[in-house]
Amino acid sequence: MRFKAWVLGMAVALAVPGAWVGADMAAYAEPLKAGKSGAQFAHIHSDLPVDPTARFGRLANGMTYVIYPNTTQPGKVVMRLRVGAGVLDEADEESGIANLITYMAFSGSAHYPQGDMFRQLERQGIQMGAGQQARVSEGETNYQITLPRNDEATLETGFNVMQDMAFGLTFPEAALQRDRDLVVTQMVNQARPLERHFENWLRTAFAGQLLAERPQKGQRDIVLYTPRDSIVNFYNSFYRPDLTTLVIVGDVDVEALEKRVQKSFGGWKAKTADYPRRDPGVYAARGPRAYTYFEPGLPEIIDISWLRPVDTRYQNRDLVRDMMLENLVLGALNARLERAAARADSPITRASINTGRFQRTGDSAGFYVMPRPGQTQDALALAIGLIRQAGEFGFTDAEYRRTVADYEASLQQRKAGEATRSNEWIADMIAGSVDARYVINSPSQDVEFYESLKPQLTREAMNAYLKNLLKRDGPLISLIGPAPVAGLDAPALERQYAGLSKAKLSPPEDAAAKAWLYNDFGPAQAPVKTVRDEALDYTRLTYANGVTVNIKTTRLKANEVVVTVRSAGGLKRLSPKKPTPVFALNFYDLFEGGLVRMSAAEINEATAGENFELSYHMTEDAAVLLGQSGTKDFTRQMQVLRAFYSDAGFDPSYLERVRHTVPSFYTYANTSPGGVLGLHLSRILYDNDSRVTPLSQAEFTTLSNDSLAAVVRTSLHDAPVEITVVGDITVDQARPALDATFGTLPPLPATYATIDGSDEVHFPKSGLFKTLYHQGGTEQALVLIAFPTTDRYSDPATAVGLDLLAEVISLRHYEAGRADTGSTYVPLARNVNSTTFKGFGYLSATVQVYPGAETGFYNGFLGLVEGVKAQPVSADELLRARQLLLTRLTEETRTNGYWLNLLPGAAENPGQRDYALKRKALIEAVTPAQLQDLAKRYLDADKALKVLVLPVPKGESRAS
């Protein structure tokens, strides 16, 4: 089975008034008991065991906490503060206040005067900001902070921040207007067709309930003009101990932290006796019904969902069984829809599961399908027919066996990786359990639950569960798209469903799975050379055919092995002057095109119960096949990679499906300035290089299967091959699969040919001001400025210095912007250095603005750059920038993906190897004078590229 992320029904959610009076003995933790004030963890109401690693506690004031020790990432600690109040707790006149508070939380608080929090956190390598580390949902607000170290000073910082979020916000008057403006700016930037459709869908799905009438981000005028006293009143009412849960996960001393929680929060007392309860409304069944929404930029999608009232029961053994049955049912039915979509004559191009849990409101479960253009009615008929067929006749024995095998494999995969779960994943799981009312348990416990319930998870039980699912309220049939579909308004959809519900059905065929046909590639060949690189801690194998393999054993993530097969050349084998369909590869899934002897569906069926991955992409210097598997499935992973390297099928019907989805991509990309810039930026930065120039919609829709297949095949063959394997596998474990697959290839060339200057790219030297147009909101514009720099490996010290320079510029722009507009910190500037093309790179800055503000941005940014040139940055600025970069470097090196990208080519490129070994030291060595010199050398305003993305002028309909 190509790996898909099955879940055990855990809806992972992310989603304060009080006076600090000092802790006393009465504040110390009490035993958790059902009915006590504070968060009600599901295990105290359940017959299921809880994960024994988690330490639960409740303070006398009602605040609850969970501490979960996890040493996967040494020294790292993640903290979450969950407040049980969100959008549904706002009164009509408060719509948007819950979100506004998460922005004001960073403008002033007890420990951090106005504007000082960010600087103090940055000095410790902690990046935090509204919109990044705070999130509001229907019924909760979540704050999060990641501590890169677990030393006393850093833990103190974490607790100070969490205290301030809970009960220490000061809401300074001077910051109020800029935070209001920032929230409104975010509302403007996020106002896109899909978001507007979702708001309208909620009004139909949950009509009569509060969520249906409550905008997720709030109402603009309320955010802009509601009095400060109203904001403070909401904070004082809902940020209270009995609605708050603190989650701490990481490399911690549980006993010490528990005492610290008690000391830091035990004296917190609510400022109001109680808080307002808003009635979320009761779900009312309405039977089959339809909803339509049309707006330019929307893809055409049919959504068929069944709904029910929110389930407020605490998870128990019976609910776990039902959850597993639902996962199996939806997985099997989705596979049936996907198989139908893959047929050459199918009116469906894509199909997928669609589930949702809406806090305090209701649940949905169903499917969406994307019709081929002009075949909407046929797609609707097919989707409903397949769902009804499953409901009436059930699943076949073959479907049942495949689905169960895949589900079991996913559970075992998670169990095998249990010891190296990330702090973030665990923290999200714990925080999400409060509202979703599931018992916090480990992957090992999940497997135990499954094994104990397996006798009840029969094909007959799946069939019965599906019948009951289809008896839920509905279906709600939604049709969205760029324009109305003739004959398919909402009443017509309802009539269509009524008619289709009576159509006669035939049982499905129970076809046996085809066997995997790519086990034997000839006699296995052993490597002829083995070299150990102690500095980078990996082993390099060389085979007689020229294939080289880098193997790095890590324990960063248990039971995970990632692998790349890189055929040298990539873009360097293509002409920069001749049109090429490379852009289309961004949309083409090589796996879905199948193999010559097996279709994608046949591969999935033949490999049920095995986890692997397969994707293809082209980089500047290689054509890359990427895989990911569990340790035990590595042999199958390598067989799949070798099969697609040698025998990719390029099923013409798959490209036809892709072509039918292309219009949706182009129209949606054009509905926002970011979409337009993303479509055209590479072409502009690479001075109209044909290799990175996007195809027009017309070119894409007429692209031939043969031309696309030729590009991929040519990129993979007749070039040196370098394989990199990283993860929970040793050289001895990996060798047999490597010897039997790529070791058997015929001799490969030692190099490849370049053509028409394909070994070069150039930053533009003329036409340095570009204007693009989008078809989205009239208040949305985007500006970019980019300076030419250099590559990554010719001089690693220069590249690292430019990284720091970009960080310093981001910090300066953030502080200037926050003073003027309340903008939150994000890395506005970024430094991009090519790892392939000598001398090519750029330092760029991008920001969304209101139309008409672009000149002010350019002038202000260039003034900021001139300031860096005129005077060396301060020691404090350099410290903050350096700490943020070092924290990111530490995080990167804790992933297998970091090494997967770093090792290829390192053996032959001294600059690359030097960069890998010395990057941390290089970051630490940069001085203010060096940054000033780099700014003078590279940030030349006369060479800067400026790109402006504006809304299409009124009355016009031009393309971007």
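For the structure itself, look to the data block above.
Bear in mind that the values here come from a model prediction, so they are computed numbers and not experimental data.

What counts as what
- Residues numbered from 1 in each chain as written.
- Predicted model: local features only at pLDDT ≥ 70, side-chain atom pairs only at ≥ 80, totals over all residues.
- Heavy atoms only, no water.
- Pairing = 2+ DSSP bridges.
- Helix = DSSP H or I, 4+ residues; strand = E, 2+ residues; numbered from the N terminus.
- Axes fitted to C-alpha atoms, helices over the stretch in contact; angles between N-to-C directions.
- Core = buried A, V, L, I, M, F, W, Y, C linked by side-chain atoms within 4.5 Å.
- Buried < 20%, exposed > 50% of the residue type's maximum accessible area, 1.4 Å probe, protein only.
- Contact = heavy atoms within 4.5 Å.
- Expected span 1.5 Å × (residues − 1).
- Nonpolar A, V, L, I, M, F, W, Y, C, P; charged D, E, K, R; others polar.
- Polar contact = N/O pair within 3.5 Å; in protein donor to acceptor, adjacent residues only side chain to side chain.
- Salt bridge = Lys/Arg side-chain N within 4 Å of Asp/Glu carboxyl O.

Chemist: Quick question: what am I supposed to make of the sheet that holds strand β14 (residues 529-533) here?
Modeler: Whether parallel or antiparallel, the strands of a sheet pair through hydrogen bonds between backbone atoms. The mixed open sheet is built from seven strands, whose spatial order is β14-β15-β16-β20-β17-β19-β18. Either end of the sheet is taken by a strand with one partner, and the two such strands are β14 and β18 (615-618). Put simply, the sheet's adjacent strands are angled 20° from each other on average, direction ignored. When β14 meets strand β15 (residues 538-542), the two strands line up antiparallel, connected through five bridges. Bridge pairing in β15 links Thr530 to Leu541.

Chemist: It is not clear to me how the sheet that holds strand β24 (residues 841-849) should be interpreted in this structure. Could you clarify?
Modeler: One open sheet holds the five strands; their spatial order is β21-β25-β22-β24-β23, and the pairing between them is mixed. Each of the sheet's edge strands pairs with one partner strand only, and the pair in question is β21 (769-774) and β23 (829-833). For this sheet, the mean angle separating the axes of adjacent strands, direction not counted, is 20°. Bridge analysis of strand β22 (residues 781-788) against strand β25 (residues 945-951) gives five bridges, and the strand direction is antiparallel. Each bridged residue has a counterpart across the sheet, and for Leu784 the counterpart in β25 is Val947.

Chemist: Can you walk me through the nonpolar core in this structure?
Modeler: Soluble globular proteins tend to bury their nonpolar side chains together. Ranked by size, the top nonpolar core spans 83 residues in total, and within it Leu590 and Ile723 carry the most contacts. With near-sequence residues (within four places) excluded, Leu590 lies in contact with Leu614, Tyr616, Leu625, Phe644, Ala648, Phe650 and Val712. With 62 residues, the next largest nonpolar core counts Val77, Val183, Ile231 and Trp268 among its residues.

Chemist: What's the story with helix α26 (residues 875-893) in this structure? I'm lost.
Modeler: Each turn of an α-helix holds 3.6 residues, which means side chains three or four residues apart point in the same direction. With 19 residues, α26 extends 27 Å between its outermost C-alpha atoms, agreeing within 8% with the 27 Å of an ideal straight helix rising 1.5 Å per residue. For α26, every residue scored as buried is listed here: Glu877, Leu878, Arg880, Ala881, Arg882, Gln883, Leu884, Leu885, Leu886, Thr887 and Leu889.

Chemist: Please explain the packing of helix α2 (residues 116-123) against α26 as it appears in this structure.
Modeler: When two helices pack together, their arrangement is captured by the angle between the axes and the distance separating the axes. Packing of α2 against α26 brings their axes to within 7 Å, and their N-to-C directions diverge by 65°. Of the residues in α26, those touching α2 at Arg119, Glu122 and Arg123 are Asp876, Leu879, Arg880, Gln883 and Leu884. Among the residues making up the contact of α2 with α26, the classes are represented as two nonpolar, one polar and five charged.

Chemist: Whenever I open this one, the side chain of Arg691 confuses me. Can you help?
Modeler: In this fold, Arg691 is placed in the loop between α20 (673-685) and α21 (697-701). A polar side-chain atom of Arg691 sits 2.7 Å from the main-chain carbonyl oxygen of Ser758. Reaching out from Arg691, the side chain makes a polar contact with the backbone oxygen of Glu760 at a distance of 3.0 Å. Discounting chain neighbours no more than four positions away, the residues touching Arg691 are Leu571, Lys572, Leu574, Ser575, Pro576, Thr580, Val582, Ser758, Glu760, Val761 and Phe837.

Chemist: In this structure, what is going on with the pattern of salt bridges? I would like to understand it.
Modeler: Pairs can form between side chains of opposite charge whenever their charged atoms are close. Counting across every chain of the model gives 58 salt bridges. With a closest N to O distance of 2.7 Å, Arg313 and Asp311 form a salt bridge. We note a salt bridge from Asp345 to Arg343, for which the minimum N-O separation is 3.9 Å. Judged by its relative accessible area of 63%, Asp345 falls in the exposed class. Arg343 gets classed as partly exposed once you look at its relative accessible area, which sits at 42%. Where salt bridges share partners, they join Lys76, Glu424, Glu891 and Arg894 into one cluster.

Chemist: Please clarify how the pairing of strand β11 (residues 348-358) should be interpreted in this entry.
Modeler: Taken residue by residue, a regular strand's side chains alternate between the two faces of the sheet. For β11 and strand β12 (residues 362-371), the ladder comprises ten bridges, and the chain directions are antiparallel. Looking at the pairing, Ile353 lines up with Phe367 of β12. The antiparallel pairing of β11 with β12 creates a hairpin that spans three residues between the two strands, and Arg360 there sits at a positive phi of about 65°.

Chemist: Sorry, what's going on with the environment of Asn831 here?
Modeler: Along the chain, the position of Asn831 falls in strand β23. In this structure Asn831 touches Thr789, Arg792, Ala799, Leu802, Asp803, Ala806, Tyr842 and Leu843, once residues within four positions along its chain are discounted. A polar contact is formed between the side chain of Asn831 and the side chain of Asp803, at a distance of 2.9 Å. For Asn831, the side chain forms a polar contact with the side chain of Asn833, separated by 2.7 Å.

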